[in-house]
Amino acid sequence: MADAIRTTCAYCGVGCGIAATVTGERDVQIAGDVHHPANRGRLCSKGTHLGETVGLEGRLLHPQVDGRPASWDAALAAVAGRMRAAIDRHGPDSVAFYVSGQLLTEDYYAVNKLAKGFVGTGNIDTNSRLCMASAVAAHNRAFGEDVVPCSYEDLDAADLILLVGSNTAWCHPVVWQRIEATRARRGTRLVVIDPRRTETAEQADLHIPLAPDGDIALFNALLAAMKARGHVDDTYLADHVDLDPGFWDKLSRDSGIEPSLFARLADLVEAHPRMITLFSQGANQSRCGTDKGNAIINLHLATGRINRVGAGPFSITGQPNAMGGREVGGLANTLAVHLGFEPDARAEVAAFWNTETLCPGPGLKAVDMFRAVHEGRIKVLWIMATNPAVSLPDSAFVREALARCETVIVSEVIARTDTARFADILLPAHGWGEKDGTVTNSERCVSRQRALFPAPGETRADWRTVADVAAKMGWGAAFDWAGPADVFREYAAMTGLAARRGKALDLTAYDTIDGQDYDRLEPFQWGGARPLASGYRTASGKARMVSVQPPRSLADADFPMRLNTARYRDQWHTMTRTGLSPTLSQHRPEPLLEIHPADASAHAILDGGLARVESASGASVYRVSIAHTQRPGELCVPMHWTDMMSGEGRTNRLPNQSVDPISGQPGFKDSAVRVEAVTPKWRAFLVTCEAPQPMDLVYWTRSRLRAGWLYELAGAGTIDLDPLLPEGERLEVADTAKGMRRIAVRSAEGTLLAAIYLTRSGTLPPREWVAGKLLESELATRELLAGRPSEPLPDRGAIVCVCHGVGERDIARAADQGAATVAAIGSATCAGTNCGSCRPAIARILESVQSLAKETVS
Ligand code: SF4
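Here goes a summary of the coordinates provided. What you see is a predicted model, and the numbers here were worked out from it, not measured in a lab. (Residues numbered from 1 in each chain as written. Predicted model: local features only at pLDDT ≥ 70, side-chain atom pairs only at ≥ 80, totals over all residues. Heavy atoms only, no water.)

**Brief notes about the pairing of strand β15 (residues 407-412)**
As a reminder of what qualifies: Only protein chains enter the accessibility calculation, which uses a 1.4 Å probe; a residue is then buried when its area is under 20% of its type maximum, exposed when over 50%, and partly exposed in between. Secondary structure elements are taken from DSSP: a helix is a run of H or I of four residues or more, a strand is a run of E of two residues or more, and numbering for both begins at the N terminus. Only strands joined by at least two bridges in the DSSP assignment are considered to pair.
Taking burial as the measure, the six residues of β15 include six buried ones, the bulk of the element. Side chains Thr 407, Ile 409 and Ser 411 project from β15 onto one buried face, and the interleaved Val 408, Val 410 and Glu 412 project onto a second face that is buried too. Two elements, strand β14 (residues 380-384) and β15, share five bridges in a ladder whose sense is parallel. Bridging from a neighbouring strand, Val 380 pairs with Thr 407 of β15. One ladder, built from four bridges, connects β15 with strand β16 (residues 425-428); its direction is parallel.

**Some remarks on the pattern of salt bridges**
Quick reminder of the rule: Between Lys or Arg on one side and Asp or Glu on the other, a salt bridge is scored when a side-chain nitrogen of the former is within 4 Å of a carboxyl oxygen of the latter.
Following the criterion strictly, the structure yields 62 salt bridges and no others. For Lys 113, the salt bridge is made with Glu 490, and the minimal N-O distance between the two is 2.7 Å. Here the residue Lys 113 occupies a position in helix α3 (residues 105-119), and Glu 490 occupies one in helix α21 (residues 484-500), the gap between them amounting to 377 residues. A salt bridge links Glu 590 to Arg 623; the nearest nitrogen and oxygen atoms lie 3.0 Å apart. Taken together, the residues Glu 590 in the loop between β21 (561-566) and β22 (592-595) and Arg 623 in strand β24 (residues 619-626) connect sequence positions 33 residues apart. Residue classification places Arg 623 among the buried positions, given a relative accessible area of 13%. Connected through salt bridges with shared partners, the residues Asp 213, Asp 215, Arg 287, Lys 292, Arg 562 and Asp 670 form a single ionic network.

**A short note on the site of the ligand**
Rules: By convention in this text, a residue qualifies as near a molecule or strand provided that one of its non-hydrogen atoms is within 4 Å of it. Residues were grouped as follows: Ala, Val, Leu, Ile, Met, Phe, Trp, Tyr, Cys and Pro as nonpolar; Asp, Glu, Lys and Arg as charged; and all remaining residues, including Gly, as polar.
The environment of the ligand is formed by Cys 9, Tyr 11, Cys 12, Val 14, Gly 15, Cys 16, Leu 43, Cys 44, Lys 46, Gly 47, Pro 173 and Val 174. Elements with a minimum of two residues in the shell around the ligand: α1 (45-48) and α7 (173-186). Here the residues of the shell around the ligand sort into nine nonpolar, two polar and one charged.

**Comments concerning helix α19 (residues 395-404)**
Condition: Any pair of residues with heavy atoms lying within 4.5 Å of one another is described as a contacting pair.
Every buried residue of α19 is accounted for by Ser 395, Phe 397, Val 398, Arg 399, Ala 401 and Leu 402. On its buried face, α19 sits against α17 (366-374), β14, α18 (388-391) and β15.

**Some points on the pairing of strand β18 (residues 445-449)**
Of all five residues that make up β18, five are buried, and the element is covered over most of its length. The side-chain alternation of β18 yields two buried faces, one formed by Cys 445, Ser 447 and Gln 449 and the other by Val 446 and Arg 448. Alignment of strand β17 (residues 437-440) against β18, held across four bridges, turns out to be antiparallel. Residue pairing for β18: Val 439 is matched across the bridge by Ser 447. Adjacent in sequence and paired antiparallel, β17 and β18 are bridged by four residues, among which Arg 444 carries a positive phi angle near 70°. One ladder, built from two bridges, connects β18 with strand β19 (residues 524-525); its direction is antiparallel.

Put into structure tokens, the structure is as follows:
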């Protein structure tokens, strides 16, 4: 067997190291890298099952221009020609780039250099705008530079951890495992501040179910309480902090939560100076996200809980290289390497890049950029490694903008995405298993992503595509790189401009790195463990406490409910990768609308039924899950499903275009909506070895099976089976007693190609049973048509542990039989013994079984 290749996970900002052993042409065994500082061998379910996503299914392998295959040379000439024509006719700002935290730092550096340095437009923004732009803005306001002041090792040393707007157990699972370990080792207390009672919240010592956007009021009140109790560090304030004028007078004292709950929180904060506040999308994705970040930072600055072991405000990023993009200047409001657009910074950057066409100032942030596309001000839009037709708010508007744009260029790994459908030019890019470069994680640790497989088809590294386009436009000398090491070396050298201006970003130790050392590069953290301990990066050298006020409430009589959007444990962004994994698809095969029982009852909405959520921007339909974990009046839906994976389940139709006025980050977490039950005429499910795209249904979703796909369907009219079923012999049973039609399709050889079960009101059989028969022989077809399994089926319930296929009923049975801890459940069922991502869910089931048993006894 080949030696393991040390690389980095493709998904979240934890940035776990992976040891990947290639076992076949496109096969790889995945293990955690025990030497990587971010994870020390741990992985979550998504990282563990990366191997299921590296096949070539659905890959974009060749360039296309105007819907036809093209050579690379022709495609590059088309990109360069259309950009040149737009620049000549309409100026540089008629060209824009919308890029991604999925890009490697080398790709990011190249495209930022092309846009800002040579095309001469600031119009380059990134999907990191949707993720943590508010944290960036808060850092810049408070510290004078976008610097995360903590490290993961601080989590190991904290006595109190506040999680704000973070379902860490699902969204940053290896950080969660680290928190669990710290709690077990030193009794660290955990508070979760989140409107929803998530699996993370259920494990906390204290859950604060605050109202949406209630964070500023809460942190202001906490700061006021610490001042009243004598815990403001006046010496630290005098030496290291500037306060906005009238700061203390303007500080709001109403926490917005129940007084006794607030008192418990304040007691915990008072008692534990070694305190980390870890915040994520729940804080950032808000129309007041920057102020939330500063409210959190204010508490740490005022109490001196920063730049010390185990203390500090810690924003964790969503994407694998969101931080790398921030470093190079991928956000429209920075120039490059943490520098702004001041005349002297511009002069230094222009000299470094040897360009005379450097952009004059900041460009348009994501939402404004797509408005400019819609209005026709942007003529050429180059989208790289992201799916804005799904991920931006008000996605119907975004689609209109894409359809109107004169030239849409899409650099992609996957051939058919919701965004690729609008592309005039499609450029095939390296996927995770082929990428070669660096990424930076949430704690500023730079790691190598290394190629596992030869590049398939004509796919190319994005930095190379950018360099080739630049060469076609006459700027080849500035992009004359032979490999990613050359790009990295140039970027590292450029950080010298930042370092000389007193910034913490400094990679100049790597500015002469050669190809071999780059190949062997070990993870390293720029700025060290606590980069602001040597001073803040403002003009005064002091941090700034920004006076922030709670926002006004969103009252809307037409749309009286509040909608939150969330991420699932085993899915990633728009599912273009994780949606291909049969293992990961088991956890949540459909997008669920979580609704409080009182709201469900008020709207006659049934558990397991369907419901439509509607905002002023659009409407989507979901499967209903009635959940006590929701606050009354509030709904929650996942953000992942696309038009490729569902009929009406695309969530980002719902949020409007309102953004944080400072960071430009959209407020995904709090939209005004209404909800109603949907009653289809019929329901069905289909298992099939093909992947049809159903049309004109009330609802459909699909999820990956080992041998095909599982579809959930519901309709209002008659069903047209022809577009849904594959070619083959069709056998049908109409079971009038059960009110069900059962149709199987088999091949000439007798293998089962598809089976569909339809009913108006009956109970459909277990999907797992039918799915297990796909591509099996004759006997399977007969059994399915009979509608009954020949042997009793295991009653698993919803799958909790995807690694071992253990369901919630398996876990409940083990608990009934005496397994009293998560470890004991693991011994009895194997659940939770591999990646550990399901351990919070096991704890939840265990707790409910145990409390039921107590109630029964009493
Ligand atoms: Fe990947 Fe999971 Fe680690 Fe995130 S926590 S980097 S998804 S293995």
